[in-house]
Every structure is written in structure tokens, then in C-alpha cells.
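What follows is each chain in one-letter form.
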Amino acid sequence: GENVEQHPSTLSVQEGDSAVIKCTYSDSASNYFPWYKQELGKRPQLIIDIRSNVGEKKDQRIAVTLNKTAKHFSLHITETQPEDSAVYFCAASNSGGGADGLTFGKGTHLIIQP
Amino acid sequence: KAGVTQTPRYLIKTRGQQVTLSCSPISGHRSVSWYQQTPGQGLQFLFEYFSETQRNKGNFPGRFSGRQFSNSRSEMNVSTLELGDSALYLCASSPLNSYNEQFFGPGTRLTVL
């Protein structure tokens with residue numbers, strides 16, 4: 001089945017700086033890559049996703065890049081703000097009907113230092 | 001639209017007991033997926049239901065089972081509870097299948113003593 005590795009497990013950045021979280025996946029058939037944000041005590045919420053026919057996608061301060069050849073994708077957050085502090089999860093799936101549903105990385109705890 | 005709801009929100013059980021958790025998806029959503037979240041293992045996929053049929057299943061023992069009703073509401077059952085089953089159980093609904101945006105519920109916090 002699919003295996004998703006996520007790094008780093010903890011990331012501390014100064015407010016206003018950029019943050020980058022990286023994920024690699026193992027199944028070349030995976031073609032859907034969402035990113036979820038989970039604040040303490042709350043449910044995960046989708047912040048951005050990308051499909052394998054696209055190399056990059058942006059939404060205001062958030063961007064995701066995908067390298068299918070290397071089987072890795074990254075989340076970029078620019079001009080970080082205190083409300084960006086949360087745990088971020090990457091995930092991968094095969095929309096062709098694989099047996100694994102969404103496979104998540106272990107998460108990155110992003111800390112925004114004031 | 002109302003969001004995904006889960007009941008109960010908190011549950012305490014003892015080893016050997018069984019438990020049933022409930023999930024009501026967003027109106028119109030036909031796919032419901034279940035995940036187990038623990039500090040050590042993160043978010044792990046349990047199973048997905050679509051139109052009352054289990055389509056996908058993760059790598060969990062047979063003690064974990066589920067079902068979906070005609071109104072898309074779903075339940076998951078864990079029998080013969082073990083201490084390691086203590087976790088946050090999240091369900092997520094999606095309009096078509098688990099390969100589009102999933103909307104998560106607040107979760108059920110299960111503690112096994």
C-alpha cells in the first residue's frame with residue numbers, strides 16, 4: 001500500500017517568515033494530494049489540494065508543489081501569522097480505486113514565534 | 001448546510017467491551033470514511049462506505065467494522081476493546097468518493113480502561 005513520509009515533525013518560524021513542509025509518497029499510482037490543518041482540539045480542515053496533472057497550485061499565502069518524478073510534494077506558507085500555528089498533515093490517494101483511502105503523513109507541528 | 005456530526009463526543013469503556021460510534025454526513029454526501037487518530041500513529045484509514053457498500057478498508061483487525069444506512073449515516077463498531085484502541089475516531093464525508101475533499105466531523109474520543 002501507499003506510504004507517506006512527512007518532514008519535519010516540528011517547525012518553528014518567526015512571524016512573517018516562510019514555512020515549508022515536505023512529503024514523499026511511495027505509490028506512483030497516487031494522483032490526489034490534499035493538505036489538512038488541524039488546530040488543537042479541532043477537526044482537520046482541508047487547506048489546499050493538488051492533482052497529479054498539475055505541478056503547482058496557489059491560494060493566497062499558501063502554495064503546494066508536486067514533483068511526480070521524484071514522488072514528493074511540498075506545502076509553502078508565506079508571510080506566516082500566529083493563526084497559522086497548528087498541525088499540518090499531507091495525504092495521498094489513488095482515485096483509481098485503491099484499497100487505502102487517504103494515506104496521511106504523521107503531521108508537522110508548525111509554531112509561529114511572535 | 002450543517003457539518004458532519006458525530007456521537008457521542010466522548011466515551012469511556014473497559015477492556016473487552018464493545019462500542020458503536022455514529023456519524024451523520026453533510027446532507028447530499030454519499031461517501032463516509034472513518035479514521036483513527038493517535039499521537040503515535042497519526043491519522044490511519046479504517047474504511048470507506050459509499051451507497052451502503054464498503055468500498056475500501058484499511059489495515060485494521062476484524063474487530064473494527066462498520067456499516068452505512070440508506071440515508072448515508074454511518075456507524076462503526078469495535079468489539080473486544082483493547083487498551084490500544086484508545087484514540088480519536090474521526091469520520092469524514094465527501095460528495096462522491098474519498099478522492100475529493102473530505103469534510104471531517106469533530107470526532108469521538110474513546111478511552112479504554
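Nothing here was measured: the structure is a model prediction, and the numbers come from that model.

## What to know about the overall build of chain A
Broken down by element type, chain A carries zero helices and eleven strands. Moving toward the C terminus, one meets the helices and strands of chain A in the order β-β-β-β-β-β-β-β-β-β-β. Since a compact globule built from 114 residues should have a radius of gyration of about 13 Å, the 14 Å found for chain A is in line with a globular shape. Counting over 114 residues, chain A shows a buried share of 44%. Total accessible area on chain A is roughly 5,600 Å²; 46% of this is exposed by carbon and sulfur atoms. In chain A, which carries 11 positive and 13 negative side-chain charges, the distance between the mean positions of the two groups comes to 4 Å.

## Quick word on the overall build of chain B
Along the backbone of chain B there are zero helices and eleven strands. Expected size for 113 residues packed as a compact globule is a radius of gyration near 13 Å; at 13 Å, chain B falls within 12% of this value. If one aligns the C-alpha atoms of chain B with their principal axes, the spans along those axes are about 35 × 25 × 25 Å. When the 113 residues of chain B are sorted by exposure, 52% land in the buried category. Of the accessible surface of chain B, which amounts to about 5,100 Å², a share of 49% is contributed by carbon and sulfur atoms.

## Describing the layout of surface pockets
Here the largest pocket is characterised by a volume of approximately 610 Å³. Breaking the lining of the largest pocket down by element, the ones donating at least two residues are strand S9 (86-92) and strand S11 (108-113) of chain A together with strand S4 (31-38) of chain B. Counting residues per element, the lining of the largest pocket draws most heavily on S9(A), at three residues. Within the lining of the largest pocket, the residues separate by chemical class into eight nonpolar, twelve polar and six charged. Along the walls of the second largest pocket sit 18 residues, with Glu2(A), Thr103(A), Phe104(A), Leu43(B) and Gln44(B) positioned nearest its centre. Of all the elements in the fold, those that place two or more residues in the lining of the second largest pocket are strand S1 (4-7) and strand S10 (103-104) of chain A together with strand S5 (42-50) of chain B. In terms of residue class, the lining of the second largest pocket is built from six nonpolar, eight polar and four charged.

## Some remarks on the sheet that holds strand S8 (residues 72-77) of chain A
Residues and elements named next belong to chain A. Strand order in this open sheet of five strands is S1-S3-S8-S7-S6, and the pairing throughout is antiparallel. Sheet topology places S1 and strand S6 (56-59) at the edges, where each strand pairs with a single neighbour. This sheet shows a mean twist of 15 degrees between the axes of neighbouring strands, independent of strand direction. Here six bridges tie strand S7 (residues 62-67) to S8, and the two strands are oriented antiparallel to one another. Within S8, the position partnered with isoleucine 62 by the bridge is isoleucine 77.

## Focus: the state of the cysteines
Residue and element names in this part refer to chain B. Overall, the coordinates contain two disulfides over all chains when judged by the stated rule. The disulfide partner of cysteine 23 is cysteine 91, and the S-S distance across this bridge is 1.9 Å. Between cysteine 23 and cysteine 91, the S-S torsion sits near 70 degrees, and that sign places the bridge as right-handed. A residue pair is termed long-range when its members are at least 10 positions apart, and cysteine 23 in strand S3 (residues 19-24) and cysteine 91 in strand S9 (residues 87-94) qualify at 68 residues. For the residue pair cysteine 23 and cysteine 91, the accessibility class agrees, reading buried in each case.

## What to know about the sheet that holds strand S8 (residues 74-78) of chain B
Residues and elements named next belong to chain B. Strand order across the open sheet formed by four strands is S1-S3-S8-S7, with antiparallel pairing between neighbours. Bordering the open sheet on either side are strand S1 (5-7) and strand S7 (64-68), each of which pairs with just one other strand. The average angle at which neighbouring strand axes cross in this sheet is 20 degrees, direction not considered.

## Quick word on the pattern of salt bridges
All names here are of chain B. If you walk through the whole model with that rule in mind, you get seven salt bridges over all chains. Note that glutamate 48 is salt-bridged to arginine 55, the shortest N-O span being 2.7 Å. For glutamate 48, a relative accessible area of 0% translates into the label buried. We note a salt bridge from glutamate 75 to arginine 67, for which the minimum N-O separation is 3.2 Å. Taken together, the salt bridges that share partners define one network made up of Arg63, Glu82 and Asp85.

The rules behind the values
- Residues numbered from 1 in each chain as written.
- Chains lettered and ligands numbered in written order.
- Predicted model: local features only at pLDDT ≥ 70, side-chain atom pairs only at ≥ 80, totals over all residues.
- Heavy atoms only, no water.
- Helix = DSSP H or I, 4+ residues; strand = E, 2+ residues; numbered from the N terminus.
- Rg over C-alpha atoms; globule rule 2.2 N^0.38 Å.
- Buried < 20%, exposed > 50% of the residue type's maximum accessible area, 1.4 Å probe, protein only.
- Areas by Shrake-Rupley, 256 points an atom, 1.4 Å probe, with all protein chains shown as cover.
- Lys, Arg positive; Asp, Glu negative; His and termini not counted.
- Charge placed at Lys NZ, Arg CZ, Asp CG, Glu CD.
- 1 Å grid on protein atoms, 1.4 Å probe; cavity = no way out; pocket = protein on both sides within 12 Å on 5 of 7 lines; lining within 4 Å.
- Points joined across faces, edges and corners; volume = space filled by probe spheres on them.
- Nonpolar A, V, L, I, M, F, W, Y, C, P; charged D, E, K, R; others polar.
- Pairing = 2+ DSSP bridges.
- Axes fitted to C-alpha atoms, helices over the stretch in contact; angles between N-to-C directions.
- Disulfide = S-S within 2.5 Å.
- Salt bridge = Lys/Arg side-chain N within 4 Å of Asp/Glu carboxyl O.

Interpretation note: all reported values are geometric properties and have no functional meaning in isolation.
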